[in-house]
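This is what each chain is made of:
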Amino acid sequence: MRKKQPDRIGYYIAALPRFAAGMLMLPPYLLAEGLACKALLAAFFALLAVLAGKRLRWGYFLILVLSVTFFHLLSPWGRVLVEIGPFIITSGALENGLIRGITLVGMVFLSVASVRPELELPGRFGGLLGRTFYYFDSILEGKRRLSGKNFFVSLDELLMERFNPDQEKLGAGESGEKPCLETDQTFRGWFLCAAAILIPWGLWILKL
Amino acid sequence: MPVRSDDRREITAFLGALCLFLSAVEYLIPKPLPFLRLGLANLPLLLGLRFLKPVDLILVLLLKVIGQGLVNGTLASYVFLFSLAGSVVSVFTMSMVYRLGGRHVGLVGVSLSGALASSLVQVALAVTFVFGETARVIAPFSIGSGIVTGLIIGVFAERFVSSSGWLKGIERRYSISLEDSK
């Protein structure tokens, strides 16, 4: 089993400013038009995701970009680059497909880097989500009890153990708070947030 | 047995957690293609149709979609929108089929209808926002896989309903809490 990578961004930046920074980086990314700019920013977001300790499934993202590009190539547009039998590769369709595919993949990288499970949503729904994460952790603790052979019996036993409907008070004695990776927002954290936000805005303003 | 008024809230939160857990279990099952999904996380929604009030069913749905977005980090991406649209349409369709079909439609039929509706919406979104018009060719494949996964989840649900003591207990507790709040 592979070792979990540490969240290097989480050392300096708390969940809410991190999410806000991610959202501030999105508009210039979506507004940028050139393939080079999109690709550069997607690579930057991939770097952030790796620093966040996320294991990216590169094969999956490659297949996604290639399949989006392939379907765009089916509607030829622009200068003909290559003809392979009845299949024509045109410059416009190729560039459009790549831009669309890379945009989608970059958005996932950015989201993965900026969204943490510790992010707390406000209001009653936020409280309910906190309870949900509490129970999620509780079920995960007992996951070894699940057996492929007797899946239904073992699942029933696990659920009965973690949330017994016959107990006097459901969820008794539990705080209901999300498991929290406490991070104090440091000065360095604010500086890194600002620097990261400036990169996509700067590229968009310079019209790269 | 003393019943607290917040039992409904606890049961709703636990069903949301079960969605997230089954989503994690599904992640461990090998897939022939990266885009294929079994939809195990929909099982609590399918089971919830039998006893949850519509407002609580919608809450479980939101907990599932937003929880998955937070756990996987996809909350701010197109993946979240696809998941939200597919789940909303699926739950709405399953609710209609379950209520209108009555005793004539089992959980397999209900699950199948939800999976088909979800597949159709996701194909429509993929054609509109991701792949372009030419991607209509993926519709038969997507709908075909929707039929297979819908059947599998439906059979899972039927078996779980017939064998689970936990589910019977939860249904009983939920109905008591409803009566208590009247």
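What you are looking at is a predicted structure, and each value in this text was computed from that prediction instead of being measured.

K.L.:
Can you help me understand the overall build of chain A in this one?
P.N.:
The number of helices and strands found in chain A is 7 helices and 2 strands. For chain A, the α and β elements follow one another from N to C terminus as α-α-α-β-β-α-α-α-α. Here the C-alpha radius of gyration of chain A, 23 Å, is well above what a compact globule of 208 residues would show, namely 17 Å. Projected onto the principal axes, the alpha-carbon positions of chain A cover approximately 75 × 50 × 35 Å. In chain A, which comprises 208 residues, the share counted as buried stands at 46%. Long-range pairs, those at least 24 residues apart, make up 70% of the contacts in chain A between residues at least 6 apart in sequence. One way to put it: in chain A the 23 positive side-chain charges average out to a point 8 Å from where the 17 negative ones average out.

K.L.:
Would you mind going over the overall build of chain B with me for this structure?
P.N.:
Scanning chain B from terminus to terminus reveals 7 helices and 0 strands. The helix and strand sequence of chain B, counted from the amino end, reads α-α-α-α-α-α-α. Radius of gyration (C-alpha) of chain B: 17 Å, near the 16 Å computed for a compact globule of 182 residues. Across the 182 residues that make up chain B, the buried fraction comes to 53%.

K.L.:
Can you walk me through the interface of chain B and chain A in this structure?
P.N.:
In this assembly, 56 residues from chain B lie in contact with 54 residues from chain A. Roughly 5,000 Å² of surface becomes buried between chain B and chain A when both sides are summed, with 76% attributable to carbon and sulfur atoms. Seen at the junction of chain B and chain A, the total is 2 salt bridges. For the pair chain B and chain A, the number of links is 16 residue pairs in polar contact (both at pLDDT 80 or more). Within the residue set of the side of chain B that touches chain A, elements represented by two or more residues are α1 (7–28), α3 (54–72), α4 (78–101), α5 (107–131), α6 (139–163) and α7 (165–181) of chain B. Considering every element that reaches the side of chain B that touches chain A, the biggest residue donor is α1(B), with 14 residues. Along the lines of polarity and charge, the residues of the side of chain B that touches chain A split into 34 nonpolar, 15 polar and 7 charged.

K.L.:
Which parts of the structure should I look at to understand the domain arrangement of chain A?
P.N.:
Often, the extent of an interface is quoted as the loss of accessible area on bringing the components together. Examined at the domain level, chain A breaks down into domain 1 (15–116 + 182–205) and domain 2 (124–180). Relative placement of domain 1 of chain A and domain 2 of chain A: their C-alpha centres are 37 Å apart.

K.L.:
Before we go on, may I ask you to explain the side chain of Asp156(A) in this structure?
P.N.:
Looking at where Asp156(A) falls in the secondary structure, it is placed in helix α6 (residues 151–162). One buried charged side chain, Asp156(A), makes no salt bridge at all; its nearest oppositely charged neighbour is Lys168(B), positioned 7.8 Å away. In this view, Asp156(A) contacts Phe160(B), Ser163(B), Ser164(B), Gly165(B), Trp166(B) and Leu167(B); residues no more than four positions away in its chain are not counted.

K.L.:
Would you explain the packing of α1(B) against α7(B) in this entry?
P.N.:
Residues and elements named next belong to chain B. The geometry of α1 relative to α7 is characterised by a closest axis approach of 9 Å and an angle of 145° between their N-to-C directions. Note that α1 runs across α7; the crossing there is left-handed. Touching Asp 7, Arg 8, Ile 11, Phe 14, Leu 15 and Leu 18 of α1 are Trp 166, Ile 170, Arg 173, Tyr 174, Ser 177 and Leu 178, all from α7.

K.L.:
Where do I start with helix α4 (residues 91–114) of chain A in this structure?
P.N.:
Residues that lie three or four places apart on an α-helix share one face, since the helix turns once every 3.6 residues. Here α4(A) is 24 residues long and its end C-alpha atoms lie 34 Å apart, about the 34 Å a rise of 1.5 Å per residue gives. Burial analysis of α4(A) places 18 of its 24 residues in the buried class, the great majority of the element.

K.L.:
Explain the environment of Ser91(A) to me, please; I cannot follow it from the model alone.
P.N.:
Residues and elements named next belong to chain A. Relative to the helices and strands, Ser 91 resides in helix α4. Accessibility expressed as a relative area gives 24% for Ser 91, which makes it partly exposed. Residues Ser 91 and Arg 79 lie 12 residues apart in sequence; the distance between their C-alpha atoms is 5.3 Å.

K.L.:
What is the right way to read the pairing of strand β2 (residues 87–90) of chain A from this model?
P.N.:
Put simply, side chains in a regular strand alternate between the two faces of the sheet. In the sheet, strand β1 (residues 80–84) of chain A pairs with β2(A) via 4 bridges, with the strands oriented antiparallel. Bridging across to β2(A), Glu83(A) finds its partner in Ile88(A).

K.L.:
Is there a simple way to explain the pattern of salt bridges in this structure?
P.N.:
Under the definition given, this model contains 11 salt bridges over all chains. Between Asp7(A) and Arg116(A) there is a salt bridge, with its nearest N and O atoms 3.4 Å apart. Of this pair, Asp7(A) sits in the segment before α1 (15–31) while Arg116(A) sits in the loop between α4 and α5 (123–141), and the two are 109 residues apart along the sequence. Asp7(A) sits in the buried class, given a relative accessible area of 11%. Assessed through its relative accessible area of 13%, Arg116(A) is described here as buried. Notably, a salt bridge pairs Arg50(B) with Glu171(B), separated by 3.1 Å at the nearest N-O pair. Placement of Arg50(B) in the loop between α2 (43–48) and α3 and of Glu171(B) in helix α7 is noted, with a sequence separation of 121 residues between them. Classification of Arg50(B) as partly exposed rests on a relative accessible area of 34%.

Cut-off values and rules
- Residues numbered from 1 in each chain as written.
- Chains lettered and ligands numbered in written order.
- Predicted model: local features only at pLDDT ≥ 70, side-chain atom pairs only at ≥ 80, totals over all residues.
- Heavy atoms only, no water.
- Helix = DSSP H or I, 4+ residues; strand = E, 2+ residues; numbered from the N terminus.
- Rg over C-alpha atoms; globule rule 2.2 N^0.38 Å.
- Buried < 20%, exposed > 50% of the residue type's maximum accessible area, 1.4 Å probe, protein only.
- Contact = heavy atoms within 4.5 Å.
- Lys, Arg positive; Asp, Glu negative; His and termini not counted.
- Charge placed at Lys NZ, Arg CZ, Asp CG, Glu CD.
- Buried area = accessible area lost by both parts, 1.4 Å probe.
- Salt bridge = Lys/Arg side-chain N within 4 Å of Asp/Glu carboxyl O.
- Polar contact = N/O pair within 3.5 Å; in protein donor to acceptor, adjacent residues only side chain to side chain.
- Nonpolar A, V, L, I, M, F, W, Y, C, P; charged D, E, K, R; others polar.
- Domains from an automatic or database assignment.
- Axes fitted to C-alpha atoms, helices over the stretch in contact; angles between N-to-C directions.
- Left-handed = near helix turned anticlockwise from the far one by under 90°.
- Expected span 1.5 Å × (residues − 1).
- Pairing = 2+ DSSP bridges.

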